[in-house]
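Per-entry structural report
So you can see what is in the structure, the chains are spelled out below.
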Amino acid sequence: RLAQHAHSLADAHRVYPRATRKGARLLDRFEENARALLQAYRVLSEEVQKERAISPAAEWLIDNFHIVDEQLIEIREALPPGYYRVLPKLVGGPLADHPRAYGIAWAFVAHTDSRFDPALLELFLRSYQEITPLTIGELWAVAITLRLALVENLRRLATVIVEAREEREQADKLADKLLELATRQPAGLIPLITDRIGRREKIPRALVVQLTQRLREQDPAVTPVLDWLEKELAKYGTTIEQMSHSEHQRQASTQGTVGNIINSMRLLSTLDWQEFFESVSLVDPLLAKDPAAAYADMEFASRDRYRHVVERISKGVKVSELKVAEAAVNLAEQSGASQGTEARSAHVGY
């Protein structure tokens, strides 16, 4: 299914004809996400210091924030704006004007629930390139765009975690008020809950669950509040039990995804990206057809130098990198046929 999705994505992606189009600034988007993550970490850490209960997902984030912080530092060091400015940019869609490599990374993260598996990523990129070949620069950009996508997904979840915490805090304050009112003025319960909740367009799920937990098995005088809440939720086609089940599912799902993101960040820092690049590159196996049989025996730095020349020629004459590599191999084969494969001109480097 992942391979099929890669095919569909490659079919759907359209890029601007000129790779030099400036496009959206990934660094600005990243810094915004970094600030939001740091703010969420501070808010949740403050809750822990006050010895207040936090969700399992929040615990994951706090306990492993040093890994997140390391990723933020690595991204800043590896995100030169000039390099990403020349990557092919997407036309249309939610990621319009962003590098195609970023769109691919986002799709992979979304369809694996942020769980990084090098074998799956290799499958995904190979499948994508069965429809649309990627440039050398785009394949190198996968490492950093994956990190960017994971950071953005973590920021999204951190925002949800903090908002749910705020909703539970509101529920606790309301529960305290209701329980206090139940002993003094029971008639004021319904007007209070109506004023606090009834005017909202949508009742927050975390608030309902926390409020219900606080009020159940308490003073029987608050039972009308639970009845009112049940009737109010019926307007939205749901019940307290359904909301509670849904909220617990959301918390479990969030915890799982946060855990996946943290583990993926850790794994991304240990992967041999040079080896991975050559496993998904389409240019590399072409150059390996070198009639002199020298290219494949070179060290990585030498092969990489050759690929940079392919990039430079491709941009200069405005043809694909694959065509440049094919032309070099064809010329070397012609020379090998006439002068023998021992001749220097039978090597793609010549």
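The shown structure was predicted, so the numbers you read here are calculated from the model rather than taken from an experiment.

Each value, and the rule that gives it
Residues numbered from 1 in each chain as written. Predicted model: local features only at pLDDT ≥ 70, side-chain atom pairs only at ≥ 80, totals over all residues. Heavy atoms only, no water. Helix = DSSP H or I, 4+ residues; strand = E, 2+ residues; numbered from the N terminus. Rg over C-alpha atoms; globule rule 2.2 N^0.38 Å. Contact = heavy atoms within 4.5 Å. Areas by Shrake-Rupley, 256 points an atom, 1.4 Å probe, with all protein chains shown as cover. Buried < 20%, exposed > 50% of the residue type's maximum accessible area, 1.4 Å probe, protein only. Lys, Arg positive; Asp, Glu negative; His and termini not counted. Salt bridge = Lys/Arg side-chain N within 4 Å of Asp/Glu carboxyl O. Polar contact = N/O pair within 3.5 Å; in protein donor to acceptor, adjacent residues only side chain to side chain. pLDDT = per-residue confidence, 0-100. Patch = residues over 30% accessible without salt bridge, like charges linked within 9 Å, V, L, I, M, F, W, Y side chains within 5 Å. Phe/Tyr/Trp six-rings, centres within 6.5 Å; stacked < 30°, edge-to-face > 60°. Expected span 1.5 Å × (residues − 1). Arc of directions from axis to C-beta. Core = buried A, V, L, I, M, F, W, Y, C linked by side-chain atoms within 4.5 Å.

**Observations concerning the overall build of the protein chain**
- When its secondary structure is counted, the protein chain shows 16 helices and zero strands.
- Rg of the C-alpha trace for the protein chain: 28 Å, well past the compact-globule value of 20 Å for 350 residues, more than 25% over.
- Overall size of the protein chain, expressed as C-alpha extent along the three principal axes, is 105 × 40 × 35 Å.
- If you take every contact in the protein chain between residues at least 6 apart in sequence, the share linking residues at least 24 apart comes to 76%.
- Within the structure as shown, the protein chain displays about 18,200 Å² of accessible surface, and the carbon and sulfur contribution to it stands at 51%.

**Concerning the side chain of E321**
- Relative to the helices and strands, E321 resides in helix α16 (residues 321–339).
- Here E321 sits buried without a salt bridge, and the closest side chain of opposite charge, K315, lies 6.3 Å off (N-O distance).
- Engagement of the side chain of E321 in a polar contact is seen with the backbone nitrogen of I136, the distance being 2.8 Å.
- In contact with E321, not counting residues within four places along its chain, are L134, T135, I136, V283, V310, E311 and S314.

**Details of the confidence of the model for the protein chain**
- Across the protein chain, pLDDT averages 91, with 97% of residues at or above 70.
- When the elements of the protein chain are averaged for pLDDT, helix α5 (residues 81–85) gives the smallest value, 71, and helix α7 (residues 118–131) the largest, 97.

**Topic: a nonpolar patch on the surface**
- On the surface, a cluster of nonpolar side chains totalling about 280 Å² of accessible area is made up of V309, I313, V317 and V319.
- Looking at the element boundaries, I313 is found in helix α15 (residues 300–317).

**Remarks on the packing of aromatic side chains**
- In this structure the tally under the stated criterion is seven aromatic pairs.
- When the centroid spacing of 4.5 Å and the interplanar angle of 5° are considered together, the rings of W140 and F277 count as stacked. Of this pair, W140 sits in helix α8 (residues 136–184) while F277 sits in helix α13 (residues 273–280), and the two are 137 residues apart along the sequence.
- An angle of 50° between the planes, with centres 6.0 Å apart, marks the rings of Y295 and Y306 as tilted. Here the residue Y295 occupies a position in the loop between α14 (283–287) and α15, and Y306 occupies one in helix α15, the gap between them amounting to eleven residues.
- A relative accessible area of 23% means that Y306 is categorised as partly exposed.

**Overview of the environment of G237**
- Within the secondary structure, G237 sits in the loop between α11 (223–234) and α12 (240–268).
- In this structure G237 comes out as exposed when scored by relative accessible area, which is 61%.
- Between the C-alpha atoms of G237 and E70, which are 167 residues apart in sequence, the distance is 45 Å.

**Some remarks on α11**
- Over its twelve residues, α11 extends 17 Å from the first C-alpha to the last, a length consistent with the 16 Å expected when each residue adds 1.5 Å.
- When we look at burial in α11, the residues that qualify are V225, L226, W228, L229, E232 and L233. The buried residues of α11 occupy an angular sector of 160° when the element is viewed end-on, so they sit on one face.
- Against the buried residues of α11 lie α8, α9 (189–198), α10 (205–215) and α12.

**Re helix α4 (residues 65–77)**
- End to end, α4 covers 19 Å across 13 residues, agreeing with the expected 18 Å (1.5 Å per residue, within 8%).
- Listed as buried for α4 are F65, I67, V68, Q71, L72 and I75. Projected onto a plane normal to the axis of α4, the buried residues spread over an arc of 150° and lie on a single side.
- Next to the buried residues of α4 lie α2 (26–49), α3 (56–63), α8 and α12.

**Topic: the nonpolar core**
- The biggest cluster of nonpolar side chains holds 75 residues, and the ones touching the most others in it are L121, L146 and W273.
- Of the residues forming this core, the biggest block, 16 residues, is contributed by α8.
- Excluding its chain neighbours within four sequence positions, the residues that come into contact with W273 are F116, L121, W140, V142, A143, L146 and L268.
- One finds L174, L181, L215 and I240 within the second-largest nonpolar core, a separate group that totals 24 residues.

**Notes on unusual backbone geometry**
- A positive phi angle, close to 75°, is found at D97, a residue other than glycine.
- If you trace the backbone, D97 turns up in the loop between α5 and α6 (100–111).
- In this model, A293 sits at a positive phi of 55°, which is unusual for a non-glycine residue.
- In this structure, A293 sits in the loop between α14 and α15.

**Examining the pattern of salt bridges**
- All told, the structure shown has 22 salt bridges when counted by the stated rule.
- Close ionic contact of R52 with E47 constitutes a salt bridge, the shortest N to O distance being 3.0 Å.
- You can call R52 partly exposed: its relative accessible area is 38%.
- D284 serves as the salt-bridge partner of R307, at 2.5 Å between the closest nitrogen and oxygen. Here D284 lies in helix α14 and R307 lies in helix α15, a separation of 23 residues in the sequence.
- In this structure, a network of salt bridges that share partners links the residues E47, R52, R165, E169 and K173.

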